[in-house]
Amino acid sequence: MGIFGSAATPSGQGALRRNVMLDLISLVGVGITVSVVASLLPGISRHAGLDPVGIAFLAAAPFVANLLGLFAGQLGPRTQRGLAWFRACGALLLVVMFLAPVPMVMAALATGYWMAISFSNPVQQRLWGVMYPATQRGKLVGTVQTGKSAAAGAAVLIGGILADRIGGMTVVAFAGIVGALCAMAS
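Residues numbered from 1 in each chain as written. Predicted model: local features only at pLDDT ≥ 70, side-chain atom pairs only at ≥ 80, totals over all residues. Heavy atoms only, no water.

Caption draft 1: Main features of helix α4 (residues 80-99). Taking 1.5 Å of rise per residue, the 20 residues of α4 would be expected to cover 28 Å, and the 29 Å separating its terminal C-alpha atoms lies within 8% of that figure. Within α4, the full set of buried residues consists of L83, A84, R87, A88, G90, A91, L94, V95 and M97. Mapping the buried residues of α4 onto a view down its axis gives an arc of 160°, with all of them on the same face. More than 90 degrees from the buried face of α4, the exposed residues found are R81, W85 and L99. (Helix = DSSP H or I, 4+ residues; strand = E, 2+ residues; numbered from the N terminus. Expected span 1.5 Å × (residues − 1). Buried < 20%, exposed > 50% of the residue type's maximum accessible area, 1.4 Å probe, protein only. Arc of directions from axis to C-beta.)

Structural data, given as structure tokens:
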């Protein structure tokens, strides 16, 4: 029995493969954007003129977003389509940073990005419960999360090199575009 289950249920296996591939594409986008926002954006923001208090605000943003994630049931997405749009809009906030590179605006937009990620997590968890059979759920979620982590590692390495050559905000905007396109695979 492989990662996608037994060959005894070809139609079920095809749907399972499709779900894994779409989930992987979606989470690759999350991995790319998370790595750029968490790793590259603080240095880029500091270079753009964000003061140490702003950098602290930027560093606290994911934790504040996770705390506010308690309200995800009331404010966050409730459907698979809502999940895709929520994540895509969050990723597009990175493009807005490129268009409005004011240091405190960048920090506020980064907070909005983190809120989009945090508020979409409960729906993602519920979708995994429906998409993947209980007997294979751990293996399949582990597979897509490994893909997400691999994309994050590659994005921060390539993004850092590109940031030196073409500019940090261009890399952030590009990551936002890629993240938004990948989010639509949800």
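Caption draft 2: Up close: the nonpolar core. L41, M97, W128, Y132 and V172 are the most contacted members of the largest nonpolar core, which totals 39 residues. Those elements that provide at least two residues to this core are α1 (10-48), α2 (52-68), α4, α5 (103-131), α6 (137-166) and α7 (168-183). Examining the composition of this core, we find that 11 residues originate from one element, α5, more than from any other. If sequence neighbours within four positions are ignored, Y132 has contacts with L16, N19, V20, D23, R137, L140, V141 and V144. (Core = buried A, V, L, I, M, F, W, Y, C linked by side-chain atoms within 4.5 Å. Contact = heavy atoms within 4.5 Å.)

Caption draft 3: Structural detail: the environment of G12. By the element assignment, G12 lies in helix α1. Linking G12 and L83, residues 71 residues apart in sequence, is a C-alpha distance of 24 Å.

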